[in-house]
Amino acid sequence: MAYQETIYGTCVSDHAHADLKPKERYEVDIHTHTIASGHGSSATITDMAKAAKAASLKMLGISDHGPATLGGGRISYFRNLKYAQRERLGIRMLYGAETNIINMKGNLDLKDDILKDLDFVIASMHKPTLKPGTAEENTEAYIKAMKNPYVSVIGHCDDEKFPIDPFRLFKAAMDNHVLLEINNSSLSPEGYRGDTRFTDLVILNLSVHFNYPVLFASDSHGKAHVGDFTYAAEAARLAKVPRNLILNHSAKALLAFLTEK
């Protein structure tokens with residue numbers, strides 16, 4: 001309890017006095033959406049590569065929504081990503097998916113025969129694809145999803161609609177070699193997932209305590225926010241997360257992590 005109280009106290013008191021600072025330079029953003037996600041974007045993959053180049057990124061991941069999302073990518077789209085260009089405009093390209101966790105058993109809306117050919121897989125909870133459960137139920141569903149050998153990232157697990165036990169989830173992420181995401185869109189003043197700061201700051205403090213990395217995510221639907229981690233970086237500064245624990249700083253380090261999974 002003493003450690004938990006320290007984290008909780010730091011999160012709440014420090015954030016009230018935070019000031020945004022100039023953007024840092026990052027090498028990689030892998031949570032981005034194109035027109036294939038069916039909502040919020042008219043951008044093609046080439047459009048996204050242009051935005052990544054403008055943001056001085058070295059590597060870009062495309063992670064369109066799985067088929068359970070209304071208007072999301074079709075099975076054939078994800079099946080054919082393995083044939084897509086590996087470099088566009090000098091940007092190293094990774095092709096993945098933001099899959100939907102579709103039940104409390106942690107099952108996903110894409111089958112393993114498709115997931116195995118993707119460069120990375122984000123597993124997330126979305127309404128109305130999944131009805132929110134209790135913190136215990138949601139945490140257990142995330143952990144079951146992590147046990148899928150192809151899942152490498154848990155997406156926006158800070159959503160107030162899907163409460164979690166961040167301590168148990170972080171430990172499971174370590175055990176299963178999975179990254180927890182600090183979602184910049186969630187933390188933005190225009191975010192729609194509620195007040196996510198508390199959960200994100202707990203996760204960041206746990207990263208420091210256990211010396212285990214996290215991943216920033218722009219969650220950019222279209223070109224506008226590719227490589228923008230303004231609010232995620234603010235939270236990381238509050239938690240005093242060292243640079244090496246934020247894998248977006250190094251494309252090489254992120255690739256190594258994904259390869260180990």
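Calculation rules
Residues numbered from 1 in each chain as written. Predicted model: local features only at pLDDT ≥ 70, side-chain atom pairs only at ≥ 80, totals over all residues. Heavy atoms only, no water. Helix = DSSP H or I, 4+ residues; strand = E, 2+ residues; numbered from the N terminus. Rg over C-alpha atoms; globule rule 2.2 N^0.38 Å. Buried < 20%, exposed > 50% of the residue type's maximum accessible area, 1.4 Å probe, protein only. Contact = heavy atoms within 4.5 Å. Areas by Shrake-Rupley, 256 points an atom, 1.4 Å probe, with all protein chains shown as cover. Lys, Arg positive; Asp, Glu negative; His and termini not counted. Charge placed at Lys NZ, Arg CZ, Asp CG, Glu CD. pLDDT = per-residue confidence, 0-100. Arc of directions from axis to C-beta. Core = buried A, V, L, I, M, F, W, Y, C linked by side-chain atoms within 4.5 Å. Pairing = 2+ DSSP bridges.

### Description of the overall build of the chain
For the chain, the count of helices and strands is ten helices and ten strands. Taking 18 Å as the expected radius of gyration for a compact globule of 261 residues, we find that the chain reaches 17 Å, a close match to that expectation. For the chain, the spread of C-alpha atoms along the three principal axes comes to 50 × 40 × 35 Å. Within the chain, buried positions represent 55% of all 261 residues. Counting contacts in the chain only where the partners sit at least 6 residues apart, residues at least 24 apart contribute 78% of the total. By element, 53% of the accessible surface of the chain is carried by carbon and sulfur atoms, the whole surface being about 11,600 Å². In the chain, 30 side chains carry a positive charge and 31 a negative one; their mean positions are 6 Å apart.

### As for the confidence of the model for the chain
In this model, the chain carries an average pLDDT of 91, and 91% of its residues clear a pLDDT of 70 or more. Confidence drops under pLDDT 50 across residues 1-20; counting only partners more than four residues distant or on other chains, this segment forms 29 contacts.

### Some thoughts on helix α10 (residues 251-260)
The complete set of buried residues in α10 reads Ala-251, Leu-254, Phe-257 and Leu-258. One side of α10 holds all its buried residues, which, seen down the axis, span an arc of 125 degrees. In α10, those exposed residues whose orientation departs by more than 90 degrees from the buried face are Lys-252, Thr-259 and Glu-260. The inward-facing, buried residues of α10 abut β1 (28-29), β3 (59-65), β5 (91-100), β6 (120-124), β8 (179-183) and β9 (215-217).

### Observations regarding the nonpolar core
Among the nonpolar cores identified, the biggest contains 81 residues, and Ile-154, Leu-180, Leu-204, Phe-216 and Leu-254 are the most heavily contacted of them. Filtering out sequence-adjacent residues up to four positions away, Ile-154 remains in contact with Ile-122, Ala-123, Tyr-142, Met-146, Val-178, Leu-179, Leu-180 and Glu-181.

### Points about the pairing of β6
The buried fraction of β6 amounts to five of the five residues, a majority that puts the element mostly inside the structure. Alternating positions in β6 separate into two faces, Phe-120, Ile-122 and Ser-124 on one and Val-121 and Ala-123 on the other, with burial throughout. As judged from the five bridges shared by β5 and β6, these two strands associate in the parallel manner. Bridge pairing in β6 places Ala-97 opposite Val-121. Judged from the two bridges that link them, β6 and strand β7 (residues 153-154) form a sheet pairing that is parallel. Its bridge partner lying in β7, Ala-123 is registered against Ile-154.

### Describing the environment of Leu-115
As for its placement among the helices and strands, Leu-115 is situated in helix α4 (residues 112-115). For Leu-115, the residues in contact, after removing those within four places along its chain, are Thr-99, Leu-108, Leu-110, Val-121, Asn-148 and Tyr-150.

### Some words on unusual backbone geometry
Residue Lys-127 is joined to Pro-128 through a cis peptide bond whose omega torsion reads 0 degrees. Of note, Pro-128 is situated in the loop between β6 and α5 (135-146). A positive phi angle, close to 55 degrees, is found at Leu-89, a residue other than glycine. The topology assignment puts Leu-89 in the loop between β4 (87-88) and β5. With phi around 55 degrees, His-177 is a residue other than glycine that occupies positive phi space. You can see His-177 is positioned in the loop between α6 (166-176) and β8. A residue is classified by how much of its surface remains accessible, and His-177, at 19% relative accessible area, is buried.

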